[in-house]
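Now for the letters of each chain:
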Amino acid sequence: LVVESANIVVSQHFSYFEVTSQLQIQNSDRGGPSAVAFVLSPESEKDRKLNVLYEKLKMCQEQDSEKYDSAWTSLQSEADDTVTAKLEDALKALEAVPPSLPFEPNGDPGRLRQGDHITCVDVLLSLAETVGKELHVIAESLAADHHCVYSAGPTKSLERVLEKTKMDYNGDHRCIADAARGSLVFDSLAKFVEFVLALLMRKGSASELNIVRVKNRLSQPATGGYRDVMLNVSVNGYVCELQLHLEQLKALKASAHRIYDILRSVGWEGDEQQIYATEAPSHDIRSALP
């Protein structure tokens, strides 16, 4: 029961009808009490439930982010100060390797694209299979040299390519740069830094990996707090994705990524989701009062 000035507002929720009604009792100009009921549409109850779901998911995501932050802090504290300093310098140098992308015709930042020879989705996926094998051979050799673990990712499915092309890239399939992919996992910051420095030494090697884009998410974590480095590399003219992970962070990813997938599937990965219930027309029920 809420009392504001001369008005008394009584709210009652009938969950089994998925209807929320509000009865407002106030002094009428006739000197006696009158009441007006406002009935919210059934959709408003669904909106309320969506709001609850959204808040719960975001709370879980915040908890996951705290776990990532704790693991990252632990990794840094276990490493020497020189390693931390080298990491910062190495990542800056790595980010400077790819050429700048030209702006889009509408003025947006430039997008990485496959070459003009990727004429359709079928060609994109066919080359992902063949060039992906080359990527895996190169990356497995790198893993052996730098005492880390390589995991070859599956070729992106046709369904996911079509979905991403439509939803993210306005129908331009050449923007798909991760159809062929894999990941390297390091168990310490020292090994991670050693690998990045070695990668910088061999940049531009036409026979192996040509770095064309760097996403430094160690310095700027992804939504949800996860930290890694995502490289797009050109192998014989075909753009693939090579992810660099830290084992202590990746161990937390499986459970946290489920929350992110749910949020992303309905467009809630950001913080912009808001739902407002809308009122249906009010109904005067004065005649029903004694």
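In this report, we go over the structure that sits alongside the text. All values derive from a computational prediction rather than experimental measurement.

## Description of the pattern of salt bridges
Summed over the entire model, instances satisfying the criterion amount to 10 salt bridges. A salt bridge links Asp172 to Arg113, with the nearest nitrogen and oxygen atoms 2.7 Å apart. Here Asp172 is found in the loop between α4 (158–168) and β6 (181–186), whereas its partner Arg113 is found in the loop between α2 (81–95) and α3 (121–145), with 59 residues between them in sequence. Note on Asp172: relative accessible area 18%, which makes it buried. Where salt bridges share partners, they join Glu104, Arg113 and Asp172 into one cluster.

## A word on the packing of aromatic side chains
All told, the structure shown has three aromatic pairs when counted by the stated rule. Note on Phe186 and Phe195: the rings are 5.3 Å apart at their centroids and 50° apart in plane angle, and the pair reads as tilted. Overall, the relative accessible area of 1% leaves Phe195 in the buried class. The rings of Phe186, Phe192 and Phe195 are connected pair by pair, giving a single aromatic cluster.

## Section: helix α5 (residues 189–201)
One turn of an α-helix holds 3.6 residues; hence residues three or four places apart share an orientation. With 13 residues, α5 should reach 18 Å at 1.5 Å per residue; the first-to-last C-alpha distance of 19 Å fits that figure. Residues of α5 that are buried include every one of Leu189, Phe192, Val193, Phe195, Val196, Leu199 and Leu200, and no others. Seen along its axis, α5 keeps its buried residues to an arc of 160°; they face one direction.

## Quick notes on the nonpolar core
Grouped together as the largest cluster of nonpolar side chains are 53 residues, with contacts concentrated most on Phe192 and Leu244. Listing elements by their share of this core, those giving two or more residues are α1 (42–78), α2, α3, β6, α5, β7 (210–216), β8 (229–235) and β9 (238–246). Ranked by residue count, the leading element in this core is α3, at 10 residues. Excluding residues within four positions of it along the chain, Leu244 makes contact with Leu184, Phe186, Phe192, Phe195, Val196, Asp228, Val229 and Leu231.

The rules we used
Residues numbered from 1 in each chain as written. Predicted model: local features only at pLDDT ≥ 70, side-chain atom pairs only at ≥ 80, totals over all residues. Heavy atoms only, no water. Salt bridge = Lys/Arg side-chain N within 4 Å of Asp/Glu carboxyl O. Helix = DSSP H or I, 4+ residues; strand = E, 2+ residues; numbered from the N terminus. Buried < 20%, exposed > 50% of the residue type's maximum accessible area, 1.4 Å probe, protein only. Phe/Tyr/Trp six-rings, centres within 6.5 Å; stacked < 30°, edge-to-face > 60°. Expected span 1.5 Å × (residues − 1). Arc of directions from axis to C-beta. Core = buried A, V, L, I, M, F, W, Y, C linked by side-chain atoms within 4.5 Å. Contact = heavy atoms within 4.5 Å.

Without other data, these values stay purely geometric and don't point to any function.
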